[in-house]
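# Fold and geometry: a report
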Amino acid sequence: SRTVWTLVQSMSNRLPCTEVTARHVASTPLPTEIAAALEEIADQWAAHGADPRISDIAAMTGIPRSTLYYHFSGRKDLLAYLATTVIASSRDIVLVASTGPGSEVEKLGRVLEAQVRFFAGRPHLAVTLFTNLGSAGDLRSLAERMNAAFHRPVERLLVAGRRAGHFRHVVSPETTASALFGAVAMTAIHYLVVDGHLDAERLIPELVPNLLRGLG
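Residues numbered from 1 in each chain as written. Predicted model: local features only at pLDDT ≥ 70, side-chain atom pairs only at ≥ 80, totals over all residues. Heavy atoms only, no water.

The next subject is the pattern of salt bridges. Under the counting rule described, the total for this entry stands at four salt bridges. Connected through salt bridges with shared partners, the residues Glu 113, Arg 117 and Glu 201 form a single ionic network. (Salt bridge = Lys/Arg side-chain N within 4 Å of Asp/Glu carboxyl O.)

Below you can see the structure in the form of structure tokens.
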């Protein structure tokens, strides 16, 4: 779902977000094949800058409109569901990077590297996320989900690393986690907007070591 957020840019007044926001999905699990088809057409719609309707999505995926309406109350409901898959994907990447072997410094380095690659692999998603926040729905809900996906795992690493003597300059883990996310995200956005692409393998050695050194 590299560019799901391009679909989400037209949303307003999104439904209250839970782990899964779509009305019917909470009680009726979304079949794997439908989820995969929706992620696939997200990329196609992003490439054309389109604003999909349920009927358009049905035509592109071959999923009957009745099936889509069974799982989703409408377009906004569907787009809200797609947005949750983006956050879930980021959360899974951070979880793997932050729980592997090594010191807190090594784990945090892997998290930051994973985030750079996440943006590089989802350029439309990244740009849309940071340029269309106002139309992406409830900002507080979005922030809470991003906190769970990135900030809290990083805060735990910072606390443990400070206790072990690695991050001597960290005063507030919460502030530091937010600053780290901003440093990675805004640097990625810079290259995606200015250059039109992000070379993760070039950026990682330029950015990540400097961020880690600044922590102490």
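What follows deals with the confidence of the model for the chain. Per-residue pLDDT for the chain averages 79, and the proportion of residues at 70 or more is 73%. Per-element averaging of pLDDT across the chain places helix H1 (residues 4-8) at the bottom with 37 and helix H10 (residues 200-214) at the top with 97. Below a pLDDT of 50 lies the segment residues 1-27, which in the model reaches 94 contacts outside its immediate sequence neighbourhood of four places, other chains included. (pLDDT = per-residue confidence, 0-100. Helix = DSSP H or I, 4+ residues; strand = E, 2+ residues; numbered from the N terminus. Contact = heavy atoms within 4.5 Å.)

Attention shifts here to helix H6 (residues 104-121). Under the 1.5 Å per step criterion, the end-to-end length of H6 is 25 Å for 18 residues, consistent within 8% with the ideal 26 Å. For H6, every residue scored as buried is listed here: Glu 104, Lys 107, Leu 108, Gly 109, Val 111, Leu 112, Ala 114, Gln 115, Val 116, Phe 118 and Phe 119. (Expected span 1.5 Å × (residues − 1). Buried < 20%, exposed > 50% of the residue type's maximum accessible area, 1.4 Å probe, protein only.)

Next up on the list: H10. Taking 1.5 Å per residue as the helical rise, H10 with its 15 residues ought to reach 21 Å, and the 21 Å between its terminal C-alpha atoms agrees with that figure. Within H10, the full set of buried residues consists of Ala 200, Leu 203, Ile 204, Leu 207, Val 208, Leu 211 and Leu 212. Summarising the contacts, the buried residues of H10 are in contact with H6 and helix H9 (173-194). The first or second residue beyond H10 is Gly 216, which carries a positive phi of 115°.

Now for the nonpolar core. Counting 37 residues, the largest nonpolar core has Leu 108, Leu 112, Phe 119, Val 154, Leu 158, Leu 198 and Leu 215 as the members making the most contacts within it. For this core, the element with the most residues is H9, which contributes nine residues. The contacts of Leu 198, once residues within four sequence positions are left out, are Val 116, Phe 119, Ala 120, Ala 188, Tyr 191, Leu 192 and Leu 203. Of all hydrophobic cores here, the second largest spans 14 residues; its members include Ile 34, Ile 54, Ile 57 and Tyr 81. (Core = buried A, V, L, I, M, F, W, Y, C linked by side-chain atoms within 4.5 Å.)

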